[in-house]
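Residue-level structure breakdown
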Amino acid sequence: MRTRGRIVNSCFMLGVLCLFPMASSLADDTALTRVACLGDSITAAARVDTKSESYPARLQQLLGDDFEVRNFGIGGATLLKSDRSNLWRDPNAECYLAVTKPVAEHLCSQPKRPNIVLFLVDDMGWQDTSVPFHSQTTEFNRRYRTPHMKQLAKVGMKFTNAYACSVCSPTRVSLMTGLNAARHRVTNWTLRKNASNDRGHPRLTFPSWNVNGMSPEPGIERTVHAKALPAFLREAGYRTIHAGKAHFGAIGTPGSDPLNVGFDVNIAGHAAGGPGSFLGTQDFSAVWRKGDRVWDVPGLESHHGKDIFLTEALTIEANKAVDQAVADEKPFFLYMAHYAVHVPFAIDSRFYPKYRDAGLDQTEAMYAAMVEGMDKSLGDILGNIERHRLSNETIVLFMSDNGGLSAHGRGGKPHSHNQPLSSGKGSAHEGGVRVPMIVSWPGVTEANSVCGQPVIIEDFFPTILELAGVSHLEQIGGVVDGRSFVKLLQGEQDQARKERPLVWHFPNHWGPNGPGIGPSSAIRRGDWKLIYYHESRQYELFHLVEDLGEQNNLAEQHPDVRDRLATELGKYLASVEAQMPSVKATGQPVPYPGAVVRAGNAR
Ligand SMILES: [Ca+2]
C-alpha cells in the first residue's frame with residue numbers, strides 16, 4: 001500500500017508529473033491502480049519505447065501488487081487523454097495513470113524507504129536474555145526467556161561488542177544526535193530544569209553539564225542544541241512514532257516533549273526516565289509509593305484501572321500507531337523505547353509465577369518476568385508488521401540503553417548480574433556499557449550471523465539515516481561522532497572502523513559504589529580498554545579478549561599501552577572541550593588523562 005505514497009511523493013518532488021490527486025481517486029475506486037507506461041513524453045501520442053521493455057517490469061516490481069503496470073506498445077491500444085491531465089483511458093475505458101519513461105526510470109532508481117523499528121530496552125543487561133552474547137551459553141541465558149529475541153537473532157545479525165553509555169540520558173541523546181557524550185555534555189541523567197542529579201562528592205565538584213538535556217531550539221540554557229533523528233526521518237517522508245520512555249530533556253524545556261524533537265506521535269513519553277508504576281491498576285502513577293508525580297506516565301488513560309502491565313499497554317498503542325501509518329500509506333519509524341526493565345520492578349502476573357517457582361527470589365522473579373514481557377512486546381510488534389505483510393521491507397534494530405542494574409535494588413549479590421562482565425549500570429566496566437544488540441535487515445543481513453566489531457550508541461544515528469536513504473544528515477554544528485555500521489550489516493569489512501577508538505566520558509557521580517563506578521573517562525581501541533578515574537587519577541587497563549571480566553589491571557605491566565591510550569583519550573577530550581570535575585581543595589579542574597601521563601603522575 002505504502003508504495004503508492006512513494007510514487008506520488010517521488011513524482012511530486014521530481015516536478016515532472018503530479019499524480020497525487022489521480023492516485024488518490026483511483027486508489028479509492030479500484031482495488032488495483034493501473035499505471036500506463038508511456039514514451040518519453042506524455043504530450044506525445046501514447047507511444048512506448050518498445051526497445052525498453054525492462055522499465056515497466058522494474059516499475060511493477062517497485063510498486064508491488066497494489067498496482068497493475070501495463071506497457072502500451074506501438075500499434076497497441078490507443079490511449080485517449082481525458083480532460084484531466086495525466087489520466088488516460090484505453091478503448092475499453094479503463095483508467096491509467098500516465099508514467100513516462102524518464103519518470104519511471106527515476107522512480108526505479110529511487111532508494112527504497114524501508115520501515116524502521118528501533119526497539120530500545122531500558123537498563124537491559126548483556127546477559128538478560130536467552131540469546132547468548134558471550135562465546136558460550138551462560139546460566140543467565142538459561143534463566144531468562146526471550147524467544148522473540150532468539151527468532152530475531154536467527155534471521156538477523158547479533159552484535160557481541162555493542163556499547164551504550166553507562167546511564168540513560170547520555171545514551172539517548174547520543175542516539176538521537178550522533179554525538180558522543182563528551183561533546184553533547186548531557187553526561188548524567190536528566191529530570192528537573194537546571195537541577196543536577198549528581199550525588200554530592202567529598203572531594204570533587206562536578207561541572208556545569210547540560211542538565212536540561214537536548215533541545216530542538218537554540219538558546220535554551222544548559223542544553224545541547226541539536227536536530228534529532230526523527231526530525232530528519234520526518235522530512236524524508238516517514239511517520240515518526242515515539243512509544244515509551246523519552247528522557248531527552250528536563251521538565252519545562254522543549255526537549256522534554258517528543259513531539260518537539262521530530263516525532264509525529266508520542267505515546268507516553270516525557271521528561272522522566274522511569275515510570276511511576278508498571279501497573280494499570282495503579283494508573284502507572286507513583287502515588288502507590290507516595291512518590292513524586294513527575295514520574296507518572298502521561299497518556300495511556302484508556303488503560304488506567306485495568307489489569308495490564310505498562311509494557312503491554314505501550315505495545316498495544318504502538319501497534320495502533322503502526323496500523324495508522326500503514327493505512328495512511330506512510331513508511332514508519334517506530335521508536336519502541338520501553339520503560340522496562342527499569343525500576344520500580346513490579347509483578348507481571350503473566351510471567352512471574354514460573355520464575356518464582358523456579359526458585360528465584362521475588363525481586364529476581366519480577367525482573368525475569370519483566371524481561372519476558374519485553375520480549376513478548378517484540379513478538380507482538382513484529383507480528384503486527386507481519387500481519388501487514390511488511391516484514392520484508394522493515395528493518396529491526398534491538399538495543400539497550402545501558403548495562404543491567406546491579407549495584408543496588410536487585411536480589412542476590414551486588415555487581416554480579418551481568419557476569420561474566422564486571423559490575424553493571426553506572427559503571428565504566430563492561431557490565432555498565434556492553435549491551436545486547438541485534439539487527440535484522442531482510443534480504444541483507446545474513447541469517448544467524450554474528451558481528452564482533454565494536455559499535456557504540458552514537459553510530460545508530462548515521463546508520464538509521466543511511467538505511468532510510470537520507471543523504472543530508474548534517475547535525476547542527478556540522479559534526480557527527482557516530483559512524484554508520486551499514487557495511488557491517490551488509491557483511492563487508494570496515495577497516496576504518498577497526499581503527500576507530502570508542503570513548504566514554506562521565507564527569508559525574510551516579511551514586512552507588514562498585515567496580516568501575518565513579519567519575520571517569522574511558523577508551524577502547526582494539527582489544528584494549530583504558531579507564532581513567534577522575535578522583536584518584538589512576539588507571540585501569542584491561543585486555544578484553546583475555547580478560548573479559550576486567551579482573552586484571554595491566555596498567556603497570558603495559559605502561560606503553562596505558563600511556564598511548566591515555567594520550568589518545570586526553571587528546572579526544574581536549575578536542576571536544578570535554579568538561580571535567582574540579583578538585584574541591586584547590587578549585588582546579590582534574591587534568592585530562594594525557595596530561596597526567598606527561599606529568600608523570602600516573603600510578
Ligand atoms: Ca537506562
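Residues numbered from 1 in each chain as written. Predicted model: local features only at pLDDT ≥ 70, side-chain atom pairs only at ≥ 80, totals over all residues.

What follows is about the overall build of the protein. Along the protein, the regular secondary structure elements total 18 helices and 23 strands. Counting only residues that meet the buried cut, the protein has 54% of its 603 residues in that class. For the protein, the share of sequence-separated contacts (at least 6 apart) that also reach a separation of at least 24 residues comes to 66%. (Helix = DSSP H or I, 4+ residues; strand = E, 2+ residues; numbered from the N terminus. Buried ≥ 20, exposed ≤ 12 C-beta atoms within 10 Å, placed from the backbone. Contact = placed C-beta atoms within 7 Å.)

In this section: the pairing of strand E6 (residues 115–121). Along E6, seven of the seven residues are buried, which leaves the element largely enclosed by surrounding structure. Pairing geometry for E6 and strand E15 (residues 394–400), over seven bridges, is parallel. Residue pairing in the sheet places Asn115 in a bridge with Thr394 of E15. Judged from the five bridges that link them, E6 and strand E14 (residues 332–337) form a sheet pairing that is parallel. Its bridge partner lying in E14, Val117 is registered against Leu334. (Pairing = 2+ DSSP bridges.)

Right, let's get into the sheet that holds strand E20 (residues 520–525). Read from one edge to the other, the open sheet built from four strands follows the order E19-E20-E21-E22, with strand pairing classed as antiparallel. The sheet is open, and its two borders are formed by strand E19 (502–506) and strand E22 (539–543), each paired with just one other strand. Across the sheet, the mean angle from the axis of one strand to that of its neighbour is 10°, orientation sign disregarded. Relative to E22, strand E21 (residues 528–533) runs antiparallel, the two sharing five bridges. Within E22, the position partnered with Lys529 by the bridge is Phe542. The sheet strands contacting helix H17 (residues 559–575) are E19, E20, E21 and E22, and the helix crosses E21 at an angle near 65°. (Axes fitted to C-alpha atoms, helices over the stretch in contact; angles between N-to-C directions.)

Let us now look at helix H12 (residues 362–387). Between its terminal C-alpha atoms H12 stretches 37 Å, which fits the 38 Å expected from 26 residues at 1.5 Å a residue. After H12 finishes, the residue Arg389 shows a positive phi value of roughly 60°. (Expected span 1.5 Å × (residues − 1).)

Okay, the nonpolar core next. With 149 residues, the main nonpolar core has Ile241, Ala243, Ala318, Leu334, Met336 and Leu530 as its most contacted residues. With 12 residues, H12 is the largest single contributor of residues to this core. In terms of domain composition, this core takes at least three residues from each of domain 2 (115–179 + 225–273 + 309–474) and domain 3 (519–598). (Core = buried A, V, L, I, M, F, W, Y, C linked by C-beta atoms within 7 Å. Domains from an automatic or database assignment.)

Read across the sheet, eight strands follow the order E13-E12-E14-E6-E15-E16-E7-E17 without closing on themselves; strand pairing throughout is mixed. On the outer flanks of this sheet lie strand E13 (265–267) and strand E17 (449–451), each paired with one strand and no other. Averaged over all pairs of adjacent strands, the angle between their axes in this sheet comes to 15°, without regard to strand direction. Against the sheet, H12 makes contact with E6, E14 and E15, and its axis sits at roughly 175° relative to E6, the strand it touches most.

Moving on, we get to the confidence of the model for the protein. Of the residues in the protein, 80% reach a pLDDT of 70 or more, and the chain-wide mean stands at 88. Overall, residues 1–31 carries pLDDT values under 50, and its contacts beyond four positions in sequence, including any with other chains, amount to 53 contacts. Low pLDDT, under 50, characterises residues 40–53; the predicted model gives this stretch 30 contacts beyond four residues in sequence or across chains. (pLDDT = per-residue confidence, 0-100.)

With that settled, consider the packing of helix H6 (residues 147–155) against H12. Put simply, H6 and H12 touch, their axes get as near as 7 Å, and they point 55° apart. For the element pair H6 / H12, the angle class is oblique. Where H6 abuts H12, its residues Pro147, His148, Met149 and Leu152 lie against Asp375, Leu378, Gly379 and Leu382. Looking at the contact of H6 with H12 residue by residue, the class counts come to five nonpolar, two polar and one charged. (Parallel < 35°, antiparallel > 145°, perpendicular 65-115°, else oblique. Nonpolar A, V, L, I, M, F, W, Y, C, P; charged D, E, K, R; others polar.)

Attention shifts here to the packing of helix H10 (residues 310–327) against H12. Put simply, H10 and H12 touch, their axes get as near as 10 Å, and they point 15° apart. Classed by the angle they form, the pair H10 and H12 counts as roughly parallel. Where H10 crosses over H12, the handedness of that crossing is right-handed. Mapping the contact onto sequence places Thr311, Glu312, Thr315, Ala318, Asn319 and Val322 in H10 and Gly373, Met374, Ser377, Asp380, Ile381, Asn384 and Ile385 in H12. (Left-handed = near helix turned anticlockwise from the far one by under 90°.)

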